[in-house]
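Architecture at a glance
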Amino acid sequence: MSAVLENLDLETKVELATHHAERDPIYLDYSATTPVDPRVAAKMIPFITEYFGNPASRSHPYGWTAEKAVENAREEVAKLVGADPREIVWTSGATESNNLAIKGAANFYSAKGKHIITVATEHKAVIDAVRELERLGFAATYLEPEPDGLLDIEKFKAAIRPDTVLASVMLVNNEIGVIQDITAIGNICRENKIIFHVDAAQATGKVDIDLDNLPVDLMSFCAHKTYGPKGIGALYVRRKPRIRIEAQMHGGGHERGMRSGTLATHQIVGMGEAFKIAREEMAVENVKIRKLRDKLLHGLQEIEETYVNGDLEHRVPHNLNISFNYVEGESLIMAIKDIAVSSGSACTSASLEPSYVLRALGRSDELAHSSIRFSIGRFTTEADVDYTIQLLKSKVDKLRELSPLWDMFKDGIDISKVQWAAH
Amino acid sequence: MISPNMSNVYFDNNSTTALDERVLDAMLPFMTMQQGNATSRHVYGRTVRDAVEQAREQVANAVGAYPSQVVFTASGTEANNFAISGIAGNLPNSQIVVSSIEHPCVTRPTFAMQKLGYKTKIVGVDSNGLLDLVHLESILKNQDANPTSLVSVMSVNNETGVIQNISKIAEIVKSYKAYMHTDAVQSLGKIPVDFAGLNVSAMTISSHKIYGPQGAGALIVDKRIDIAPLLHGGGQEKGLRSGTENVAAIVGFGVACDLSVSELTRRFSATNALRDHLEKGLVQMGAVMFGNKAARITNTSFFAFPNIEGETLVMALDRKGFAVASGSACSSDSREPSHVLLAMGISPDVARGAIRVSFGANQKHTNTIEQVDQFLVTLKQELQRLKQMTGVQFDTSANNTKAA
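In this text the structure is predicted, and so the values were computed from the model without any measurement.

Some details on the overall build of chain B
- Within chain B one finds 13 helices and 12 strands.
- Taken over the C-alpha trace, chain B has a radius of gyration of 22 Å; the compact-globule value for 404 residues is 22 Å, and the two agree within 12%.
- Its C-alpha atoms put chain B at 75 × 60 × 35 Å along the principal axes.
- For chain B, long-range pairs separated by at least 24 residues make up 72% of all intrachain contacts whose partners lie at least 6 apart in sequence.
- Here chain B has roughly 15,200 Å² of accessible surface; of this, 53% comes from carbon and sulfur atoms.

As structure tokens, this is what we get:
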């Protein structure tokens, strides 16, 4: 091992991972990505230093050691989600898993029909994969969720056509954290012989997943939202009844032909360890996180004119998405730079377009713009939450003092009815 | 855990390489506490975004490209798939041409395009493994066939190490208004790579073949061509490759690319000396050498011994502590003779005996002359043992034949 590593013991690494220097903002963006758990990093490092073999090399122990590690990790991933290891296919992340599941299944079963049902609040990796299929001759229905973010099962039923071949509904939403009833949706899919894909990138380690008992055919996972490394994910492909997918990446025939490409052993090892820790600790961890979330929620609700986006009951405790009315979104983000949060999904937060997820819930552009996603995780402390509440209270107050709209609201003027003069 | 005996000699560097320590040092902060998502706008996100952009510059500098031409992927396989389906995908009803010695991650995505109505053609190579340029021209010239949209020829073959004249091939390809892609996974770090000079439209490179980590690759693309993404979603890499950036691997890839230039001369001469020493010994033992009449990268030696099965010899050498390959790692699962050797006109019987030694010369895992000497001694012993065994088998089968 390198000198650097010898000097960096596990304790130091824990400290580094959890330590906030004076100038470092408090990290409340766990839904964008999580830090790698130091225990995970410690497991990964030997597989880029000593055991560096290509798991596809069959002629020497360098390859065998890597392959064994890959298979152990596959078992850990399978265990967390109640699957058989043979149902787990490695990918480079949830984006690839979603692309592989949707394009792979739609193309394989296209003779049955070319209609796909999904939801307007899915992650871009699902929406854009479906759009790509539309370009290639498929038809798609993008269901609007209810104002609480949940899908109305009756609307799903009504969307089914004789040629519906595939449905894709996420388990936990990345922006608002709501949990869809995938059992109910899956049962309807079974009755109608529709392949059912679930994006579970935001769900692992947060909700129980038991694929043994879930009517789900394909499920996407990734490591970096569950304290594992970036660049690694997996797709669950059901064996009984067997689901077939068309490979999207061709080559050496890795992963039983479903996904070619040299496996990144250390990343796979990292995902296995991250999922093992999640399985062992999620019950306890979720209690702690729910306490912190409730504290944050109650603290922020003391601020006037705040709106929680998405249902609070069917929701992971890690997520709180709140709109601060009469505050300009960009100014708010700038004002709270001492905490690291998202104003939308991380993937779209570079754009100034209001979140498409919040708009799908029927939020006005203004409310969508002034929304903040707080996502809490393993290393969040009560002090972090206290600080956040105080920061929001003072900054929202300050911004509203400058806002003519806030004055008008306070004077009892209904802003929606104001006739603005043209410039 | 099966643990490889670390006194083992690793002669399989074309399959994957041991990470350079300087690469690891650069990666470590991003493997532990640097948790940002490169798309996030807060300081955590910006820190990793800066790291990704620095790596993009390092990669571009190493291959004579502009940073804007670098599209990061998860592997060389993905970059090759992206090139084939991305370039040809926007040119329906065309023809895709690949050489007969490509890696499966070029040929298989090419054949997969047949289902979408594309025609495919394979260009042969000569007995030295060099592309048959007359054959290439005759394919490109054929007016009856669908127009060729894309030609893909690898810069250096992973099994033989033979170097193609890519700029010459690209000139021919471009004169027929087709795009040229080259898989340069095995050339980077072994010979100078110059994207602009090669005059190709797209080029694949990979991190784990140059003492970088697994999990990162890139397609270098001339942005004047219209290329369609393989992965759709969050719009990363200017929409050409969606998915959260694998920051640690990309950072490692960047440093590995830096080293592929600064260490090129040292690696070149170090492996050259080893290879010459090895091949002198091999020839004395009666080995058949493959591709050695053509220009080759200096770390690779591909050979066979008559009447000795490659797979058997590889296993025997492994028991003695030498990690070598019988073909490319991806296909080392199968017992089929190397498609590269068959394309060169080598008989299947001889091809089944093929063994590849590929040397490495990074800081820590540089192979040595002593290792080559030990290897030659062991090889000689194993050959004698195997010949005796097969000799016995021959007798038995002869008796059986008589008996029958």
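Details of unusual backbone geometry
- Cis geometry is adopted by the peptide bond preceding Pro241 of chain A, which originates at Lys240 of chain A and carries an omega value of -5 degrees.
- Its location among the elements puts Pro241 of chain A in the loop between strand S8 (233–237) and helix H10 (265–301).
- Residue Glu255 of chain A is not a glycine yet carries a positive backbone phi of 55 degrees.
- Residue position: Glu255 of chain A is located in the loop between S8 and H10.
- The phi dihedral of Glu237 of chain B falls on the positive side, at around 50 degrees, and the residue is not glycine.

Re the pattern of salt bridges
- Inspection of the entire model under this criterion finds 36 salt bridges over all chains.
- Across the salt bridge formed by Asp20 of chain B and Arg22 of chain B, the nearest N and O atoms sit 3.0 Å from each other.
- Of the residues examined, Asp20 of chain B reaches a relative accessible area of 0% and is grouped as buried.
- Here Arg56 of chain B ties to Glu237 of chain B by a salt bridge, and the two come within 2.8 Å at their closest N and O atoms. In this pair, Arg56 of chain B is assigned in helix H2 (residues 43–62) and Glu237 of chain B in the loop between strand S8 (217–221) and helix H8 (247–262), connecting sequence segments 181 residues apart.
- Of the residues examined, Arg56 of chain B reaches a relative accessible area of 9% and is grouped as buried.
- Residues joined by salt bridges that share partners form a network here, namely Asp37, Arg39, Glu281, Glu285 and Arg378 of chain A.

A look at the pairing of strand S7 (residues 218–222) of chain A
Residues and elements named next belong to chain A.
- Buried residues dominate S7, accounting for 5 of its 5 residues.
- Burial along S7 is two-sided: the residues Leu218, Ser220 and Cys222 and Met219 and Phe221 are all buried.
- For strand S6 (residues 195–199) and S7, the ladder comprises 3 bridges, and the chain directions are parallel. Considered in S7, the bridge of His197 is made with Leu218.
- As judged from the 5 bridges shared by S7 and S8, these two strands associate in the antiparallel manner. Bridging across to S8, Ser220 finds its partner in Leu235.

Considering H10 of chain A
- Taking 1.5 Å per residue as the helical rise, H10 of chain A with its 37 residues ought to reach 54 Å, whereas the 46 Å between its terminal C-alpha atoms falls clearly short.
- If you look at H10 of chain A, its biggest bend is around 65 degrees, right at Glu281 of chain A.

Concerning the side chain of Thr73 of chain B
- With respect to the element layout, Thr73 of chain B can be found in strand S2 (residues 70–73).
- Among the polar contacts made by the side chain of Thr73 of chain B, one reaches the main-chain carbonyl oxygen of Ser75 of chain B at a distance of 2.8 Å.

A short note on the pairing of strand S3 (residues 95–99) of chain B
All names here are of chain B.
- Of all the 5 residues making up S3, 5 are buried; the element is thus mostly covered by neighbouring parts of the structure.
- The alternating pattern of S3 places Gln95, Val97 and Ser99 on one face and Ile96 and Val98 on the opposite face, and all of these are buried.
- Traced from S3 through helix H4 (residues 104–112) to strand S4 (residues 119–123), the parallel crossover comes out right-handed.

A closer look at the interface of chain A and chain B
- Listed per partner, the contact involves 75 residues of chain A and 73 residues of chain B.
- Summed over both sides, the interface between chain A and chain B buries roughly 6,100 Å², with carbon and sulfur atoms accounting for 60% of that surface.
- The interface formed by chain A and chain B includes 1 salt bridge.
- Across the pair Glu246 of chain A and Lys115 of chain B runs a salt bridge whose closest N-O atoms are separated by 2.5 Å.
- Taken together, the links from chain A to chain B amount to 16 residue pairs in polar contact (both at pLDDT 80 or more).
- Looking at the side of chain A that touches chain B residue by residue, the class counts come to 31 nonpolar, 30 polar and 14 charged.

Focus: the sheet that holds strand S12 (residues 371–375) of chain A
All names here are of chain A.
- Taken in spatial order, the 3 strands of this open sheet run S9-S10-S12, and their pairing is antiparallel. Strand pairing shows two members of the sheet lacking a second neighbour, strand S9 (306–308) and S12, which therefore form its edges. Mean inter-strand twist for the sheet, computed between neighbouring axes without regard to direction, equals 25 degrees.
- Contacts between H10 and the sheet are confined to S9, strand S10 (319–324) and S12, with S10 contributing the most and set at about 10 degrees to the helix.

Side note on the environment of Val221 of chain B
All names here are of chain B.
- Inspection of the secondary structure assignment puts Val221 in strand S8.
- Exposure remark for Val221: the relative accessible area of 0% places this residue in the buried category.
- Counting along the chain gives 126 residues from Val221 to Gln95, while the straight-line C-alpha distance between them is 20 Å.
- Excluding residues that lie within four positions of it along the chain, Val221 makes contacts with Gln69, Val71, Phe195, Ser201, Ala202 and Ile227.

Notes on a positive patch on the surface
- Side chains of Arg239, Lys240, Arg242, Arg244 and Arg256 of chain A sit close together on the surface and give a patch of like positive charge.
- In this fold, Lys240 of chain A is placed in the loop between S8 and H10.

With respect to the sheet that holds strand S5 (residues 148–152) of chain B
Residues and elements named next belong to chain B.
- The sheet built from 7 strands is open, its strands ordered S2-S8-S7-S6-S5-S3-S4 with mixed pairing. Edge strands, defined here as strands with exactly one partner in the open sheet, are S2 and S4. The mean inter-strand angle of the sheet, taken between neighbouring strand axes irrespective of direction, is 20 degrees.
- The pairing of S2 with S8 spans 4 bridges and is classified as antiparallel. Note that in S8 the partner of Val70 across the bridge is Ile220.

Some points on the environment of Ile369 of chain B
- One can find Ile369 of chain B in helix H13 (residues 369–403).
- For the pair Ile369 of chain B and Ala145 of chain B, spaced 224 residues apart in the sequence, the C-alpha separation amounts to 53 Å.

Rules of the game
Residues numbered from 1 in each chain as written. Chains lettered and ligands numbered in written order. Predicted model: local features only at pLDDT ≥ 70, side-chain atom pairs only at ≥ 80, totals over all residues. Heavy atoms only, no water. Helix = DSSP H or I, 4+ residues; strand = E, 2+ residues; numbered from the N terminus. Rg over C-alpha atoms; globule rule 2.2 N^0.38 Å. Contact = heavy atoms within 4.5 Å. Areas by Shrake-Rupley, 256 points an atom, 1.4 Å probe, with all protein chains shown as cover. Salt bridge = Lys/Arg side-chain N within 4 Å of Asp/Glu carboxyl O. Buried < 20%, exposed > 50% of the residue type's maximum accessible area, 1.4 Å probe, protein only. Pairing = 2+ DSSP bridges. Expected span 1.5 Å × (residues − 1). Bend = angle between axes of the 7 residues up to and from the residue. Polar contact = N/O pair within 3.5 Å; in protein donor to acceptor, adjacent residues only side chain to side chain. Right-handed = clockwise from strand over helix to strand, strands pointing away. Buried area = accessible area lost by both parts, 1.4 Å probe. Nonpolar A, V, L, I, M, F, W, Y, C, P; charged D, E, K, R; others polar. Axes fitted to C-alpha atoms, helices over the stretch in contact; angles between N-to-C directions. Patch = residues over 30% accessible without salt bridge, like charges linked within 9 Å, V, L, I, M, F, W, Y side chains within 5 Å. Lys, Arg positive; Asp, Glu negative; His and termini not counted. Charge placed at Lys NZ, Arg CZ, Asp CG, Glu CD.

Limitation: the analysis is restricted to geometry and does not speak to function.
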